[in-house]
Amino acid sequence: MTRVKTELTKGPSSNGPDSPISGVATASQVSAALALLANEQRAAVSRRFFKTGAGQYGEGDAFLGVTVPAQRAVAKQFSDLELPEVRRLLWSGYHEERLTALLILVRQFERSRKVPAKQQTIFEFYLASIKQINNWDLVDSSAPAIVGGYLFPRERQLLYELVQREHLWSRRVAILATQYFIRKGDLADTLALAEHLLRDQEDLIHKAVGWMLREVGHKSVPVLKGFLDQHAKTMPRTMLRYALEKLTPEERSLYMLVGRPRRA
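Residues numbered from 1 in each chain as written. Predicted model: local features only at pLDDT ≥ 70, side-chain atom pairs only at ≥ 80, totals over all residues. Heavy atoms only, no water.

**Student:** Account for the packing of helix α11 (residues 168-183) against helix α12 (residues 188-196), with residues named and values stated.
**Tutor:** Axis separation between α11 and α12 bottoms out at 8 Å; the angle between their running directions is 160°. Classified by the angle between their axes, α11 and α12 sit roughly antiparallel to one another. Considering the relative orientation of α11 and α12, their crossing is left-handed. Contacts between α11 and α12 pair Ala174, Ile175, Thr178, Phe181 and Ile182 from the former with Asp189, Thr190, Leu193 and Ala194 from the latter. Split into classes, the residues belonging to the contact of α11 with α12 amount to 6 nonpolar, 2 polar and 1 charged. (Axes fitted to C-alpha atoms, helices over the stretch in contact; angles between N-to-C directions. Helix = DSSP H or I, 4+ residues; strand = E, 2+ residues; numbered from the N terminus. Parallel < 35°, antiparallel > 145°, perpendicular 65-115°, else oblique. Left-handed = near helix turned anticlockwise from the far one by under 90°. Contact = heavy atoms within 4.5 Å. Nonpolar A, V, L, I, M, F, W, Y, C, P; charged D, E, K, R; others polar.)

**Student:** Break down the pattern of salt bridges for me, with residues and values.
**Tutor:** Applying the stated criterion across every chain, the model contains 12 salt bridges. Asp61 is the salt-bridge partner of Arg98, the closest N and O atoms lying 2.9 Å from each other. Taken as a pair, Arg98 in helix α6 (residues 95-111) and Asp61 in the loop between α3 (40-49) and α4 (68-77) lie far apart in primary sequence, 37 residues in all. Given the relative accessible area of 11%, Asp61 is considered buried. Between Asp189 and Arg156 there is a salt bridge; the shortest N-O distance is 2.7 Å. Of this pair, Asp189 sits in helix α12 while Arg156 sits in the loop between α9 (143-151) and α10 (157-162); the two residues are 33 residues apart in sequence, bridging distant segments of the chain. (Salt bridge = Lys/Arg side-chain N within 4 Å of Asp/Glu carboxyl O. Buried < 20%, exposed > 50% of the residue type's maximum accessible area, 1.4 Å probe, protein only.)

**Student:** Now, about the nonpolar core: what can you tell me, with residues and values included?
**Tutor:** Ranked by size, the top nonpolar core spans 78 residues in total, and within it Leu159, Leu213, Leu228 and Met235 carry the most contacts. Among the elements that take part in this core, α11 stands out by supplying 9 residues, more than any other. Leave out the neighbours within four places in its chain, and Leu213 touches Leu191, Ala194, Leu224, Phe227, Met235 and Ala243. (Core = buried A, V, L, I, M, F, W, Y, C linked by side-chain atoms within 4.5 Å.)

**Student:** Go over the side chain of Gln119, please, and point to the residues and values.
**Tutor:** For Gln119, the location among the structural elements is in helix α7 (residues 116-128). Not counting chain neighbours up to four residues away, the residues in contact with Gln119 comprise Phe109, Ser112, Arg113 and Tyr150.

**Student:** Quick one: what's the story with the environment of Ala194, residue by residue and with numbers?
**Tutor:** Note on placement: Ala194 falls in helix α12. As for Ala194 and Phe227, which are separated by 33 residues in sequence, their C-alpha atoms are 9.5 Å apart. Discounting chain neighbours no more than four positions away, the residues touching Ala194 are Ile175, Val209, Leu213 and Phe227.

**Student:** Help me get a handle on the packing of α12 against helix α13 (residues 203-219), residues and values and all.
**Tutor:** Taken N-terminus to C-terminus, the directions of α12 and α13 make an angle of 150°; their axes are 10 Å apart at the nearest point. Here α12 lies roughly antiparallel to α13, going by the angle between them. In this structure, the crossing between α12 and α13 has a hand that is left-handed. Facing Thr190, Leu191 and Ala194 of α12, the residues of α13 in contact are Val209, Met212, Leu213 and Val216. Classifying every residue of the contact of α12 with α13 gives 6 nonpolar, 1 polar and no charged.

**Student:** Please provide a residue-by-residue account of α7, values included.
**Tutor:** Compared with an ideal rise of 1.5 Å per residue, which puts 13 residues at 18 Å, α7 spans 18 Å between its outermost C-alpha atoms and is within 8% of the ideal. In the core, the buried residues of α7 are packed alongside α5 (83-90), α6, α8 (136-140), α9, α10 and α11. (Expected span 1.5 Å × (residues − 1).)

Spelled out as structure tokens, the structure:
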């Protein structure tokens, strides 16, 4: 591991594992840095965890076996990677290269708060690349910061377009983007999008919506209960369970009973 860290941090003006790379970096350098951290045993676990088998949501995805903290360190080193090089990573067959690309984008977006044109460029690049953001962790690590962060002070019709797409991950991007709004105390779009997704057939959407409703409850239990009072009877069970996690045991039991499917 010591050798790997030494190799990873080589480069101009590198003073430690989190030192940024100076000069013009390339996607190939990022790939090489991640390859040094690869672990086949961890990759095998990831292939099972992210459901890469035939017919599963992550079918065919390839893994290097690099931990997320290590990917974050690489993203910090290469945080100035230019968008054409980020695009090369996003089109990689390796899951970790795509996630690292997105972590770089998030860092660039958050550093550009005073440069609206740069944020717009990153936002538009993200949307143009959305089919490469093709697993739940890729969405969850990037959509709140980039899509939510960009749309928060703007018109949000885009989310209502994304939520109607057949593309599973576009729908997850839509609901996860509202996590940024929730943190700012703005709950309305989360509730409206959740209503759109009540009849969604995908378990990963049920989990995402339930998670965002739970976050709504962190801000306002009455608002969450108002939504549950109206929709608990028809919500998918997984969505309902996720939404209830922070309520009292008595409240959880009551809502689960209300939401119990009727027997014929």
